[in-house]
Amino acid sequence: GIQQGALVAAEVELYPWRLLCRTVDNSQNVFITISRSASLQSLKTQVCEYLDLQTHRARLWSFHKPKGAPLPMPVMLESELTLEEAGLRRGQEIVVEQQGKGNRWEGVPEFKERARQAREVALRNAKGQRQTETTTTTAAAAVNTGGTIPRAVLTQQGRMGGGGAAVKGGRRRRRFTLARTGLYNLGNTCFLNSALQCMAATAPLTRYFLAELYLRELNQSNPLGTSGQLALQYATLLQQLRRSMGGSPIPPATVRAVMAKQYEQFASYQQQDAQEFLSLLMDGLHEDLNRVLEKPYTQITDSNGRKDHIVAAEHIEGYLQRNRSVIVDLFCGVTKSTLEWKDEGGSSSERKGE
């Protein structure tokens, strides 16, 4: 209990949320009254208690269809976020899927219908002009990041051949096709959507997530990261975009919620700087996927007139002692800046920074 004389900040929720939770076959349903700040796990526990289900043999799907809106893609509710952070709404419907014989999930009809619609859209798009992208990732010969990502996943080189494949050395590879799916605005968040779409169109990184290679590199103990939540939610968003393939827009609510928790400037739904969001998103993904579990102390020395390639190699070596991830493999490099000014006597001086 609260000790006498202690000052405690109390928060009272006058209007808790009421959610309709039903099984896939509509044989059971229950209204759950719960706080919007409750976790998704506590919601699942309550639902399973009411419906007499085992929590490990059930999973929840968010299904919200505003009146007049097209059929949305259901979203699986499996994370440590709160109901509000996960983008749920008061009064919306939650579908409870059960695991049956042979450990097979029964399937969500709304999900199957959206998949059918997505296939139809993909077939219609295939008849028109197809937009494809071939990417080539080139690494400097002097820099070895020591990455563990298979090169075939991160690179795709060669000309586009017939039959929808990239041709190199007599072998055919599947080419990367953009998932032409929109993102819902969550308030004034077009800056967030544009940054996420740019990232999703980066073929090597998207292949890495869709192939679930990130799971073996998830660093949940890194104090500079988000305990792996940002990587998990970003991967889920990419899967939703890929499944929708030109269908209904996807709400990036869970990615925004994790970013808002980590970086308070994104806690509101107001306009922010897209470049800043993109930079912090990449930094967050890097820390969640950093292969260096214990970062050693490193010290960077001045150039002191030494040759550029020597100083650059020294900086790279020091950086890689603390930072190794797929983000480093694909995006990181070294730049050199030089500042020159005239002394009072008219002679030129310079200061260099790497």
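Structure first, text after, so check above.
The following refers to the structure shown. (Residues numbered from 1 in each chain as written. Predicted model: local features only at pLDDT ≥ 70, side-chain atom pairs only at ≥ 80, totals over all residues. Heavy atoms only, no water.)

## What about the packing of aromatic side chains?
This model, assessed by the stated rule, comprises six aromatic pairs. Taking 5.7 Å as the distance between ring centres and 85 degrees as the angle between the ring planes, the aromatic pair formed by Phe191 and Phe277 counts as edge-to-face. Pair noted here: Phe191 is in helix H4 (residues 190-200) and Phe277 is in helix H8 (residues 274-288), with a separation of 86 residues, a long-range link. The pair formed by Phe191 and Phe277 is uniform in burial state, with each residue classed as buried. Plain terms: the ring middles of Tyr208 and Phe209 are 5.3 Å apart, the flat faces sit at 90 degrees to each other, and that makes the pair edge-to-face. Note on accessibility: Tyr208 and Phe209 belong to one class, buried. A network of ring pairs unites the aromatic residues Tyr208, Phe209, Tyr214 and Tyr234 as a single cluster. The ring centre of Phe31 lies 4.1 Å from the NZ or CZ of Arg18, which sits over that ring. Above the plane of the ring of Trp105 lies Arg59, whose end atom (NZ or CZ) is 4.1 Å from the centre. (Phe/Tyr/Trp six-rings, centres within 6.5 Å; stacked < 30°, edge-to-face > 60°. Helix = DSSP H or I, 4+ residues; strand = E, 2+ residues; numbered from the N terminus. Buried < 20%, exposed > 50% of the residue type's maximum accessible area, 1.4 Å probe, protein only. Lys NZ or Arg CZ within 6 Å of the ring centre and 35° of its normal.)

## Things to note about the environment of Gln98
Within the secondary structure, Gln98 is located in strand S5 (residues 93-98). On a C-alpha basis, the gap between Gln98 and Leu53 in space is 8.3 Å, while along the polypeptide they are 45 residues apart.

These figures capture arrangement, not role.
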